[in-house]
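Below are the chains, spelled out letter by letter.
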Amino acid sequence: MSSSNFAEAIVLRTVQLTPHMYRLTFRSDFAADFTLGAPGQYQKVLAPAPGEAGPPTFDPDTYKTQMRTYTLRHVRPAEREFDIDFVVHGDEGIAGPWAKQAKAGDRILISRPGTLKFTIEEADWHMFAADMAAIPAAAIELEGLPEHAVGDAFFEILSEEDRQPVRAPAGITIHWIIKADAHAPSDELIDAVQSVIWREGAPSVFVAGEFSVAGLFRTYFRKERPTRKELTYVSSYWKLGLIEPEHKAFKAQIAA
């Protein structure tokens, strides 16, 4: 990427959705080209340091260490607006702490979005599992399901107050699993998914979260509960102890 792949986005407003999640609404000329309703869009974000108004200076030698990936939660191309939900764990990370302190008028740099390769076509029912970092992406997929859809969604959150509204079809049961320590193993999430009643027919499976959890479920849905490849999305969004560039390099090494 070069500086031409990024554009400024200005903060219009901020809302604290839950104790650990903030929704920021931005305006950018890039957003005029974003696709309304396209599920799973994500983009690269370069945020300034916490407390700084920005935008950050694009440095071709260091930007990859500062860049983070976020889901476009809502898009309004006609208004050139979009929403991003940021998970905040105190002072951990780069974009999260900045988002917590951001105010109207602050600016970041954003890339044009990419899209997840996930389909629900021909699925008879649906299974979702996500931690807080992946809830925005999972929620978008859930909200795009047909009204007659059935299945289960397991969302791992840090407190009871971190529940948030998700407009899922009536036939989708949402299970909120509390894990107060973000660095603890996701045993309850894993147990819940593996204990779910397995329905007849072919499921679509969406799993996203910490690296070890994603790896376990990748094996589970390949060997123990085989699912159709084109209906299965399992991805690690982060890894304990690693920042995003290190996580991506680790994933590439494993894939190789």
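This text gives an overview of the structure that appears in the document.

**Considerations on the packing of helix 4 (residues 187-195) against helix 5 (residues 211-224)**
A pair of packed helices is captured by two measures, namely the crossing angle of their axes and the spacing between those axes. The contact between helix 4 and helix 5 brings their axes to 11 Å, and the two run at 15 degrees. The angle between the axes of helix 4 and helix 5 places the two elements in the roughly parallel class. Two packed elements cross with a definite hand, and for helix 4 against helix 5 that hand is right-handed. On the side of helix 4, the interface is formed by Leu189, Ile190, Val193 and Gln194, while helix 5 contributes Val213, Leu216, Phe217, Tyr220 and Phe221. Here the contact of helix 4 with helix 5 is composed, by residue class, of eight nonpolar, one polar and no charged.

**Let's talk about the environment of phenylalanine 58**
Here phenylalanine 58 lies in the loop between strand 3 (41-46) and helix 1 (63-66). Overall, the relative accessible area of 18% leaves phenylalanine 58 in the buried class. Taking the C-alpha atoms as reference, phenylalanine 58 lies 10.0 Å from serine 4; in sequence the two are 54 residues apart.

**Description of helix 3 (residues 135-143)**
In terms of burial, helix 3 is largely enclosed, as eight of its nine residues are buried. All buried positions along helix 3 are accounted for by Ile135, Pro136, Ala137, Ala138, Ala139, Ile140, Glu141 and Leu142.

**As for empty space enclosed by the protein**
Summed over the entire model, instances satisfying the criterion amount to one cavity of 30 Å³ or more. Taken as a whole, the largest cavity encloses approximately 60 Å³ of empty space. Taken together, 13 residues form the lining of the largest cavity, with Asp131, Leu189, Gly209, Glu210 and Val213 sitting closest to its centre. For the lining of the largest cavity, the elements supplying multiple residues, two or more each, are strand 8 (125-130) and strand 11 (203-210). Examining the composition of the lining of the largest cavity, we find that four residues originate from one element, strand 11, more than from any other.

**Observations concerning the packing of aromatic side chains**
Inspection of the entire model under this criterion finds 17 aromatic pairs. Measuring from centroid to centroid gives 4.5 Å for tyrosine 70 and phenylalanine 86, while their planes differ by 50 degrees, and the two rings are tilted. Taken together, the residues span a long stretch of sequence, with tyrosine 70 in strand 4 (residues 68-76) and phenylalanine 86 in strand 5 (residues 81-87) at a distance of 16 residues. The exposure classification of tyrosine 70 matches that of phenylalanine 86, with both residues buried. Taking 5.4 Å as the distance between ring centres and 80 degrees as the angle between the ring planes, the aromatic pair formed by phenylalanine 118 and phenylalanine 206 counts as edge-to-face. Here the residue phenylalanine 118 occupies a position in the loop between strand 7 (114-115) and strand 8, and phenylalanine 206 occupies one in strand 11, the gap between them amounting to 88 residues.

**Section: the pairing of strand 5**
Within strand 5, seven of the seven residues are buried, leaving the element largely enclosed by the surrounding structure. Neither face of strand 5 is open: one carries Glu81, Asp83, Asp85 and Val87, the other Phe82, Ile84 and Phe86, and all of them are buried. Taken together, the seven bridges between strand 2 (residues 21-27) and strand 5 define a ladder with antiparallel strand orientation. Each residue of the ladder has a partner; that of leucine 24, found in strand 5, is isoleucine 84. The sheet contact formed by strand 4 and strand 5 spans four bridges and is antiparallel. Residue valine 75 lies in a different strand from strand 5, and its bridge partner there is phenylalanine 82. Hairpin connection of strand 4 to strand 5: four residues between the antiparallel strands, including arginine 80 at a positive phi of 60 degrees.

**Structural notes on the pattern of salt bridges**
Counted by the stated rule, this structure contains 17 salt bridges. Where aspartate 106 meets lysine 103, a salt bridge forms, and the shortest distance between an N and an O atom there is 3.5 Å. Across the pair glutamate 122 and arginine 228 runs a salt bridge, and its minimum N-O distance is 2.9 Å. Here arginine 228 lies in the loop between helix 5 and strand 12 (232-238) and glutamate 122 lies in the loop between strand 7 and strand 8, a separation of 106 residues in the sequence. Overlapping salt bridges, with partners in common, bring together Arg13, Arg27, Arg76, Glu81 and Asp83 in one network.

**Looking at the side chain of aspartate 162**
As for its placement among the helices and strands, aspartate 162 is situated in the loop between strand 9 (151-157) and strand 10 (172-178). It turns out aspartate 162 is buried and unbridged, and the closest side chain with the opposite charge, arginine 163, is 9.8 Å from it. Separated by 2.5 Å, the side chains of aspartate 162 and threonine 18 make a polar contact. A polar atom in the side chain of aspartate 162 sits 2.8 Å from the side chain of histidine 20.

About the cut-offs
- Residues numbered from 1 in each chain as written.
- Predicted model: local features only at pLDDT ≥ 70, side-chain atom pairs only at ≥ 80, totals over all residues.
- Heavy atoms only, no water.
- Axes fitted to C-alpha atoms, helices over the stretch in contact; angles between N-to-C directions.
- Helix = DSSP H or I, 4+ residues; strand = E, 2+ residues; numbered from the N terminus.
- Parallel < 35°, antiparallel > 145°, perpendicular 65-115°, else oblique.
- Left-handed = near helix turned anticlockwise from the far one by under 90°.
- Contact = heavy atoms within 4.5 Å.
- Nonpolar A, V, L, I, M, F, W, Y, C, P; charged D, E, K, R; others polar.
- Buried < 20%, exposed > 50% of the residue type's maximum accessible area, 1.4 Å probe, protein only.
- 1 Å grid on protein atoms, 1.4 Å probe; cavity = no way out; pocket = protein on both sides within 12 Å on 5 of 7 lines; lining within 4 Å.
- Points joined across faces, edges and corners; volume = space filled by probe spheres on them.
- Phe/Tyr/Trp six-rings, centres within 6.5 Å; stacked < 30°, edge-to-face > 60°.
- Pairing = 2+ DSSP bridges.
- Salt bridge = Lys/Arg side-chain N within 4 Å of Asp/Glu carboxyl O.
- Lys, Arg positive; Asp, Glu negative; His and termini not counted.
- Polar contact = N/O pair within 3.5 Å; in protein donor to acceptor, adjacent residues only side chain to side chain.

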